[in-house]
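Descriptive structure summary
This is what each chain is made of:
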Amino acid sequence: MLTELNGKGGCLCEPARKGELRCPLIVRSTSEDVVTGEMFGTLKVLNPRWWLPDLLNQALGVERFRRQVFRDLRIELWQKQRTYPRHHLKWDEGQTEVDVVLTWENPATTVFIEMKYGSPLSAKTTHNNGSAGFPADQLIRNARIGLWENGWFEEERLFHPPPRDFVLLLLNPYTGNPLVEDYRDPDRLRAAIPHGERLKQLPPSPFIGQLSYCHVLDLLQRQRKWFTLPERKLIDGLHDYITFKLDQLRTVNGHGHN
């Protein structure tokens, strides 16, 4: 964060600009991974009681989550999921890497967050360009993987543990992605997933939502009085950095944000 804010991100050498060399030491201004690391590196330190239910409820547009102590809360970045069963797909598919995964156990809940910064949701994923007759975008892939990982598909198993609650969020510099609204419709969601009829039940609705960076900053400011002085300093640093990144994005491509 301080590297970028103080103009010390570095620059590419001539071989790197020509594509002859990849330099992992440069902080690229377009990297969504850097934004993800800074945002959730800060949120991991803050008391989740004062930000987590607010973030989830605002993204979903309903008051689904209450303020509580989140037992065994884990916030993991860039977590690889198990490979989706090949016999349920018409194409080969590798492992899915989810940008942010939050889990806790009271009740058992998993949240997937797809982070975006300078690029839109991909319309197709590796080995799936939509030619099999099903949408190939990143959001539906994360929804399918999340529902399967958390036990919502009917499978032939000896034991059937209860499914975990599941939430899927898109966190963008700005809101308004139409895919989120499409997949909030249970019928459209099932139709977009191969063998969607195996989803006899779904997590409590709605379980797909979206949030902007400004929404995150605003909710932290609203809850500011509940945080300790060191936590407030972290919030201020995150606010400065995200504001800088949004201004940078507008300068590059003229996007607004809300």
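Residues numbered from 1 in each chain as written. Predicted model: local features only at pLDDT ≥ 70, side-chain atom pairs only at ≥ 80, totals over all residues. Heavy atoms only, no water.

1. Re the overall build of the protein
Quick note on the threshold: Each helix is a run of H or I in the DSSP string that is no shorter than four residues. Each strand is a run of E no shorter than two, and both are numbered from the N terminus. Relative accessibility under 20% of the residue-type maximum defines a buried residue, over 50% an exposed one, and the middle range a partly exposed one, all with a 1.4 Å probe and only protein chains included. Contact definition: two residues touch when any of their heavy atoms are within 4.5 Å. Residue-level accessible areas treat just the shown protein chains as cover; the underlying method is Shrake-Rupley with a 1.4 Å probe.
Secondary structure summary: the protein contains nine helices and five strands in total. In sequence order, the protein lays out its α and β elements as α-α-α-α-β-β-β-α-β-α-α-β-α-α. Counting over 258 residues, the protein shows a buried share of 47%. Of the contacts formed within the protein by residues at least 6 apart in sequence, a portion of 69% connects residues at least 24 apart. When the accessible surface of the protein is totalled, it reaches about 13,300 Å², and 52% of it is carbon and sulfur.

2. Considering the environment of Leu238
Here Leu238 lies in helix H9 (residues 229–253). For the pair Leu238 and Val35, spaced 203 residues apart in the sequence, the C-alpha separation amounts to 9.8 Å.

3. Looking at the pattern of salt bridges
The cut-off we apply is this: We define a salt bridge as a side-chain nitrogen of Lys or Arg found within 4 Å of a carboxyl oxygen belonging to Asp or Glu.
Using the criterion set out here, one finds 11 salt bridges in the structure. A salt bridge links Arg67 to Asp54; its shortest N-O distance comes to 2.8 Å. Taken together, the residues Arg67 in the loop between helix H4 (52–60) and strand S1 (74–80) and Asp54 in helix H4 connect sequence positions 13 residues apart. Residue classification places Asp54 among the buried residues on the basis of a relative accessible area of 15%.

4. Topic: the packing of aromatic side chains
Using the following cut-off: Stacked, edge-to-face and tilted are the three classes for Phe, Tyr and Trp ring pairs, Trp counted by its six-membered ring, which pair at centre distances within 6.5 Å; planes under 30 degrees apart are stacked, over 60 edge-to-face, the rest tilted. Each ring is checked for a lysine NZ or an arginine CZ that lies within 6 Å of its centre and within 35 degrees of its normal; such an atom marks a charge sitting over the ring.
Considering all chains together, one arrives at seven aromatic pairs under this definition. An angle of 80 degrees between the planes, with centres 5.0 Å apart, marks the rings of Phe70 and Trp104 as edge-to-face. Highlighted residues: Phe70 in the loop between H4 and S1 and Trp104 in strand S2 (residues 97–105), separated in sequence by 34 residues. Judged by its relative accessible area of 8%, Phe70 is buried. Between Phe166 and Phe207, the ring centres sit 6.2 Å apart and the planes meet at 50 degrees, which makes this aromatic pair tilted. A residue pair is termed long-range when its members are at least 10 positions apart, and Phe166 in strand S4 (residues 165–172) and Phe207 in the loop between helix H7 (186–191) and strand S5 (208–212) qualify at 41 residues. Of the two residues examined, Phe166 and Phe207, each falls in the buried class. A cation over an aromatic ring shows up here: Arg144 above the ring of Tyr84, its NZ or CZ 4.6 Å from the ring centre.

5. Some thoughts on the side chain of Ser31
The condition is simple: The definition of a polar contact used here is a pair of N or O atoms within 3.5 Å, where within protein one atom must be able to donate a hydrogen and the other to accept one, and adjacent residues in sequence count solely through side-chain atom pairs.
As for its placement among the helices and strands, Ser31 is situated in the loop between helix H2 (14–17) and helix H3 (32–43). Given the relative accessible area of 19%, Ser31 is considered buried. Here Asp33 takes part through its backbone nitrogen, which lies 3.3 Å from a polar atom of the side chain of Ser31. Engagement of the side chain of Ser31 in a polar contact is seen with the backbone nitrogen of Val34, the distance being 3.3 Å.

6. Looking at the sheet that holds S4
Our working definition: In this scheme, strands are said to pair when DSSP sees at least two bridges between them. Whenever a helix is involved, its axis is fitted only over the stretch in contact; in every case the axis is a line through C-alpha atoms, and angles between N-to-C directions fall within 0 to 180 degrees.
The mixed open sheet is built from five strands, whose spatial order is S1-S2-S3-S4-S5. Two strands bound the open sheet, and with one partner strand each, they are S1 and S5. The mean inter-strand angle of the sheet, taken between neighbouring strand axes irrespective of direction, is 25 degrees. In the sheet, S2 pairs with strand S3 (residues 108–115) via six bridges, with the strands oriented antiparallel. What sits directly across from Thr103, in S3, is Thr110. Sheet contacts for helix H5 (residues 138–149): S2, S3 and S4; angle to S4, the most-contacted strand, approximately 160 degrees. This element, helix H8 (residues 213–222), spans S3, S4 and S5 of the sheet and lies at about 75 degrees to S5.

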